[in-house]
Amino acid sequence: MSDEFRRNLMGPEPTLLPAETEVHGQLEAGHEALDLVAKHPTSSLLWAVLAEEAWAEGRIIDSYAYSRVGYHRGLDSLRRNGWRGVGPIPWEHEPNRGFLRALYSLGRASSAIGEADEPERIEKFLNDSDPTAKAAIEGKF
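Per an unreviewed UniProt entry, the chain goes by DUF3151 family protein and derives from Pseudarthrobacter defluvii.

Trainee: Teacher, can you tell me more about the overall build of the chain here?
Mentor: A tally of helices and strands in the chain yields 8 helices and 0 strands. Its helices and strands taken in sequence order, the chain reads α-α-α-α-α-α-α-α from the N to the C terminus. Taken against the 2.2 N^0.38 rule, which gives 14 Å for 141 residues, the C-alpha radius of gyration of the chain at 16 Å falls within 12% of a compact globule. The buried share of the chain, taken over its 141 residues, is 41%.

Trainee: Sorry if this is basic, but what is going on with the pattern of salt bridges here?
Mentor: Where charged atoms from two side chains of opposite charge approach closely, those side chains can pair. Inspection of the entire model under this criterion finds 7 salt bridges. Residues Glu 118 and Arg 121 are paired through a salt bridge, measuring 2.9 Å at the closest nitrogen-oxygen approach. In this pair, Glu 118 and Arg 121 are both assigned in helix α7 (residues 118–129), 3 residues apart and thus about one turn of the helix distant. Taking relative accessible area as the criterion, Arg 121 reaches 38% and is therefore assigned partly exposed. The partner of Lys 134 in a salt bridge is Glu 123, and the shortest N-O contact between them spans 3.2 Å. Of the two residues, Lys 134 is situated in helix α8 (residues 133–138) and Glu 123 in helix α7; the sequence distance between them amounts to 11 residues. The partly exposed category is assigned to Lys 134, whose relative accessible area is 28%. Overall, the relative accessible area of 42% leaves Glu 123 in the partly exposed class. Sharing partners across several salt bridges, the network here consists of Glu 57, Arg 59 and Asp 62.

Trainee: Teacher, can you tell me more about the packing of helix α6 (residues 97–112) against α7 here?
Mentor: How two helices pack is summed up by the angle between their axes together with the distance between the axes. Across the interface, α6 lies against α7 with an axial gap of 8 Å and an inter-helix angle of 155 degrees. Our classification of the angle between α6 and α7 gives roughly antiparallel. Seen along the crossing, α6 lies across α7 with a hand that is left-handed. Here α6 contributes Phe 99, Leu 100, Leu 103, Tyr 104, Leu 106, Gly 107, Ser 110 and Ser 111 to the contact with α7, which in turn contributes Glu 118, Pro 119, Ile 122, Phe 125, Leu 126 and Ser 129.

Conventions adopted
- Residues numbered from 1 in each chain as written.
- Predicted model: local features only at pLDDT ≥ 70, side-chain atom pairs only at ≥ 80, totals over all residues.
- Heavy atoms only, no water.
- Helix = DSSP H or I, 4+ residues; strand = E, 2+ residues; numbered from the N terminus.
- Rg over C-alpha atoms; globule rule 2.2 N^0.38 Å.
- Buried < 20%, exposed > 50% of the residue type's maximum accessible area, 1.4 Å probe, protein only.
- Salt bridge = Lys/Arg side-chain N within 4 Å of Asp/Glu carboxyl O.
- Axes fitted to C-alpha atoms, helices over the stretch in contact; angles between N-to-C directions.
- Parallel < 35°, antiparallel > 145°, perpendicular 65-115°, else oblique.
- Left-handed = near helix turned anticlockwise from the far one by under 90°.
- Contact = heavy atoms within 4.5 Å.

Below is the structure:
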């Protein structure tokens, strides 16, 4: 039996996004996500940070909008890195966390504004991506 056949039986390989070294460095140096996002608009991490900040301040609609952008930017990045719409996106791989945080934030905000099916779809997507991600995010990583 070929290795390819065995891999296919086990499902798709995990998708591992590339590191955002510059973004992380600038955040760690104290730069604000709002200042950085114009320079790095494809960063799901920055959009997720903005969504989390807005949520903490009670700005639900802003949180929804930021997380929606982070989610779509993340989907673009996942696809560029081999993801085909299914398969693991492991939380343990730190560069995946921006997308997973944006996804979580989108589910939370869509629930808060009363969307009907979106919160369930997002919950399933997050769990299918990595069943440990939600607990890690709610535990503040």
